[in-house]
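Inside the fold
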Amino acid sequence: MRYTHSFLKTLKDAPKEAELISHQYLLRGGFVTPLGAGIYTYLPMGFRVMRKIYTIIQEELNKIGVEDILMPVVHPARVWKETGRFFEVGPELWKIQNRSEEDFVLAMTHEEVVTDAAKKVIQSYKDLPKLVGQIQLKVRDEARPRGGLLRLREFTMQDAYSFDKDEKELEMSYQKFIGAYKKIFERVGVKTVMIESDTGAMGGLGAHEFMMITPSGEDKIVTDGTRAVNAEKLGIAKEEDVDSPAAASKIAEFFGTAKVEFMRGIEVGNIFKLGTKYSDPQKLNYLDENNQQRPVIMGSYGIGLDRLIASIVEASHDDKGMIWPKAVAPYHIHLISIGDDEKVWNTANHIYEELWQAGAEVFFDDRLDVSAGDKFADADLIGIPLRVVISSKTLNDSSVEVKEREKKTARLVALNSLVDSVRPR
RNA sequence: CGGGGCGUAGCGCAGCCCGGUAGCGCACCGCGUUUGGGACGCGGGGGUCGCAGGUUCAAAUCCUGUCGCCCCGACCA
């Protein structure tokens, strides 16, 4: 893509509503733009990052046997009434009515819908186990959206579901997802810790969360160095509570020690052993080897994509802008031409075409009336991992400048070996 | 939902206290000079001052209501 053709517009000043660094840079860099509180449009740069993450998640889940499906965002209230969550969940569940005043809900999550679909597939122990998943919008009437992409009213989530015949098999599915999630977070460049958590409105037998540790996170974590737990599970609301007498007994009971540390994190993923929480009320049963009806044992597994994008920026930036890990960067290469010299211009255009043909995704700052400093500042802000600069300064020696976003210094590469040296492998 | 803050051009802000024909920087348009770290000169375009009432000869400014956005807390799959 050429800058002059792109829908991109960068900002020098961050909009005043943005406090978190990820929020500021994503707005300034033209990755997203707000429509309302907790509701965002993904602009081309941001959407490219979203699609990179989408693909990585799908690849890793497919590897453990998850099949991709796509469930609706508008749900007839029927299934939510079957499980009782229509009445239990509270105002976060976005309820709507159609013209006939029939109740519908917007997809806060998809357990009910996937369970309903599974009834048509799973009848026998021979139909188990099964793993399905999707990447789809979730809609929640959040009391307070916040932190840019950290807490949204409408967001994109990967959610997958396991169906097993007993808890032992569920544990195997659960472990598969833990493995896949660790690979996903590693590939997108986010360091996470897995902690024990409450099951909340999801219900079930147990749950874990994947946390990226950062002071800007809204979740609180207590750890003794080996195990970690969501502070809310211990009834701890803030850091000072860790030292309170009320918390002491719970901490001792959970960890077997009083020496614990308090941290903050962003919850980028969560996994639940649902058990029969949904299969019981929705009557998702199977016939076992002895002709006995048994409820299917379920698990659910989710990653918030928007939140993950914000987390990557929180984890990887400097005072000039974002620094995207290669795997999720909107483009591989940020190509810049300096000045309006004809030879520079022709060379840059030629390189642009060659790089695309070589399989590199290239963003070309082809503006002729913009100063070098302006272009460098934009490149640093947008944070594409590799920068290639074409200017008469180096072109006279038949070389071009190449610089990694995370490095301070550039290197010169011979023009005739450039494409081969910077193409993605 | 409680507490606090803010709504003036795409973005950042001043003007409001003390009412009198709306201003600055960035961005944008034209011409020219520039081009290795957010260039310069000259000339331009863009605003129902969030919205609705009220007070007044006159309201961005004062009063009332309302909507929106942000932050803290409660809540949070």
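Within any chain, residue numbers begin from 1 and follow the written order of that chain's sequence. All chains are assigned letters beginning with A, and all ligands numbers beginning with 1, in the order in which they are written. The predicted nature of this model means local features are confined to residues of pLDDT at least 70 and side-chain atom pairs, given and counted, to a pLDDT of 80 or more, with totals for whole chains, interfaces and linings taken over all residues. The basis for every side-chain value is the complete set of non-hydrogen atoms in the structure, without hydrogens or water.

Within a sheet, neighbouring strands are paired by backbone hydrogen bonds and run either parallel or antiparallel to one another. Pairing between two strands requires that DSSP report at least two bridges joining them. Only runs of H or I of at least four residues qualify as helices and only runs of E of at least two qualify as strands under DSSP, and these elements are numbered from the N terminus. Strand order across the open sheet formed by five strands is E20-E19-E21-E22-E23, with mixed pairing between neighbours. The open sheet is flanked by strand E20 (362-365) and strand E23 (411-414), the only strands paired with a single partner. Mean inter-strand twist for the sheet, computed between neighbouring axes without regard to direction, equals 25°. Packing against the sheet, helix H10 (residues 372-382) makes contact with strand E19 (333-337), E20 and strand E21 (386-390), and its axis sits at approximately 175° to E19. Only C-alpha atoms enter the line fits that serve as axes; for helices the fit covers just the stretch in contact. Angles between N-to-C directions range over 0 to 180 degrees. Every residue pair with non-hydrogen atoms within 4.5 Å of one another is taken to be in contact.

Turning our attention to the environment of Ile336. With respect to the helices and strands, Ile336 occurs in strand E19. The buried label goes to any residue with under 20% of its type's maximum accessible area, the exposed label to any with over 50%, and the partly exposed label to all in between, with areas taken from a 1.4 Å probe on protein chains only. A residue is classified by how much of its surface remains accessible, and Ile336, at 0% relative accessible area, is buried. It is 51 Å that separates the C-alpha atoms of Ile336 and Phe163, two residues lying 173 residues apart in sequence. Here Ile336 is in contact with Asp365, Lys375, Phe376, Ala379, Arg387, Val388, Val389 and Ile390, once residues within four sequence places are set aside.

Take the domain arrangement of chain A next. Accessible area lost during the coming together of the parts is what is often quoted as the interface size. According to the domain assignment, chain A consists of domain 1 (3-234 + 260-318) and domain 2 (333-422). All domain edges in this entry derive from an automatic or database-based domain assignment. The centre of domain 1, based on its C-alpha atoms, is set 39 Å off from the matching centre of domain 2. Taken together, the contacts link 15 residues of domain 1 with 12 residues of domain 2. Buried area: the accessible surface (1.4 Å probe) lost by two parts on joining, summed over both. The junction of domain 1 with domain 2 conceals about 1,100 Å² of combined surface from both sides, 59% of it contributed by carbon and sulfur atoms. If you sort the residues of domain 1 by the area they bury against domain 2, Tyr3, Thr4 and Met45 come out on top, with a joint share of 46%. The rule for a salt bridge is simple: a side-chain nitrogen of Lys or Arg has to be within 4 Å of a carboxyl oxygen of Asp or Glu. At the boundary of domain 1 with domain 2, the tally comes to three salt bridges. Measuring nitrogen to oxygen at the nearest pair gives 3.2 Å for the salt bridge that ties Glu361 to Arg48. We call two N or O atoms a polar contact when they sit within 3.5 Å, provided that within protein one can donate a hydrogen and the other can accept it, with sequence-adjacent residues counted only if both atoms are side-chain atoms. In this structure, the connection of domain 1 to domain 2 is made through eight residue pairs in polar contact (both at pLDDT 80 or more).

By nonpolar core we mean a set of buried residues, namely Ala, Val, Leu, Ile, Met, Phe, Trp, Tyr and Cys, connected to one another through side-chain atoms within 4.5 Å. Ranked by internal contacts, the top residues of the largest apolar core, which has 60 residues, are Ile53, Tyr181 and Trp324. The biggest single contributor to this core is helix H6 (residues 167-188), with nine residues. Other than its neighbours up to four places away in sequence, Tyr181 contacts Leu61, Gln158, Phe210, Asn270, Ile271, Tyr301, Gly302 and Ile303.

What follows deals with the pattern of salt bridges. Tallying each qualifying case throughout the model produces 28 salt bridges. Between Lys52 and Glu361 there is a salt bridge, with the nearest N and O atoms lying 2.9 Å from each other. Of this pair, Lys52 sits in helix H2 (residues 44-63) while Glu361 sits in the loop between helix H9 (342-357) and E20, and the two are 309 residues apart along the sequence. A residue is classified by how much of its surface remains accessible, and Lys52, at 17% relative accessible area, is buried. Relative accessible area serves as the criterion here: at 19%, Glu361 is assigned to the buried category. Between Lys63 and Glu60 there is a salt bridge, and its shortest N-O distance comes to 3.1 Å.

Attention shifts here to the environment of Ser399. One can find Ser399 in strand E22 (residues 399-404). The sequence separation of Ser399 and Gly275 amounts to 124 residues, and the corresponding C-alpha distance is 63 Å.

The next thing to look at is the UniProt feature "transmembrane region" (unreviewed entry) in chain A. UniProt positions are given in the numbering used here, feature names are shortened, and annotations may be inferred rather than shown by experiment. The UniProt record marks residues 25-43 with the feature "transmembrane region" (unreviewed entry), using the residue numbering of this structure. Taken end to end, residues 25-43 is 21% helix and 47% strand, and its first and last C-alpha atoms sit 13 Å apart.

Counted as a void, the largest pocket has a volume near 900 Å³. Taken together, 40 residues form the lining of the largest pocket, with Arg140, Arg151, Glu267, Asn270 and Arg307 sitting closest to its centre. For the lining of the largest pocket, the elements supplying multiple residues, two or more each, are strand E8 (154-164), strand E13 (261-275), strand E16 (297-304) and helix H8 (305-315). Cavities and pockets were defined on a 1 Å grid built over protein atoms only: a cavity is a set of grid points that admits a 1.4 Å probe from which the probe cannot escape, a pocket is an open set flanked by protein on both sides within 12 Å along at least five of seven lines, and lining residues are those with an atom within 4 Å of any such point. Grid points are joined across faces, edges and corners, and a volume is the space filled by probe spheres set on the points.

Turning to unusual backbone geometry, a few remarks are in order. Backbone torsion omega between Leu128 and Pro129 reads -5°, so that peptide bond is classified as cis. Turning to its location among the elements, Pro129 is positioned in the loop between helix H5 (111-118) and strand E7 (130-139). Even without glycine at this site, Glu101 takes up a positive phi of about 60°. Counting through the fold element by element, Glu101 comes out in the loop between strand E5 (95-97) and strand E6 (103-106).

Right, let's get into the pairing of E7. Of all 10 residues in E7, eight are buried, a share of seventy percent or more. In the sheet, strand E3 (residues 67-68) pairs with E7 via two bridges, with the strands oriented parallel. When the bridges of E7 are listed, Glu67 appears paired with Val132. Where E7 meets E8, 10 bridges bridge the pair, whose relative direction is antiparallel. Residue Lys138 lies in a different strand from E8, and its bridge partner there is Phe155.

A word on the packing of H2 against H6. Across the interface, H2 lies against H6 with an axial gap of 9 Å and an inter-helix angle of 150°. In this view, H2 runs roughly antiparallel relative to H6, as classed from their interaxial angle. Once H2 is placed against H6, the crossing between them reads as right-handed. The segment H2 lies against H6, with Ile53, Ile56, Ile57, Glu59, Glu60 and Leu61 engaging Phe177, Ala180, Tyr181, Lys183, Ile184, Arg187 and Val188. Note that the term roughly parallel is reserved for angles under 35 degrees, roughly antiparallel for angles over 145, roughly perpendicular for angles of 65 to 115, and oblique for everything else. Here a crossing is taken to be left-handed if its near helix is turned anticlockwise relative to the far helix by less than a right angle, and right-handed if that turn runs clockwise.

This part takes up empty space enclosed by the protein. Enumeration according to the criterion identifies two cavities of 30 Å³ or more in this entry. Quantified by volume, the largest cavity comes out at close to 50 Å³. His334, Ala379, Asp380, Ile384, Arg387, Lys403, Glu404 and Arg405 together form the lining of the largest cavity. The set of elements that each furnish at least two residues to the lining of the largest cavity consists of H10 and E22. Side-chain classes follow a simple rule in which Ala, Val, Leu, Ile, Met, Phe, Trp, Tyr, Cys and Pro form the nonpolar group, Asp, Glu, Lys and Arg form the charged group, and the remainder, Gly included, forms the polar group. A class-by-class count of the residues in the lining of the largest cavity yields two nonpolar, one polar and five charged. The volume enclosed by the second largest cavity comes to roughly 30 Å³. If you trace the second largest cavity, you find it lined by Leu150, Glu218, Asp219, Ile266, Glu267 and Arg307.

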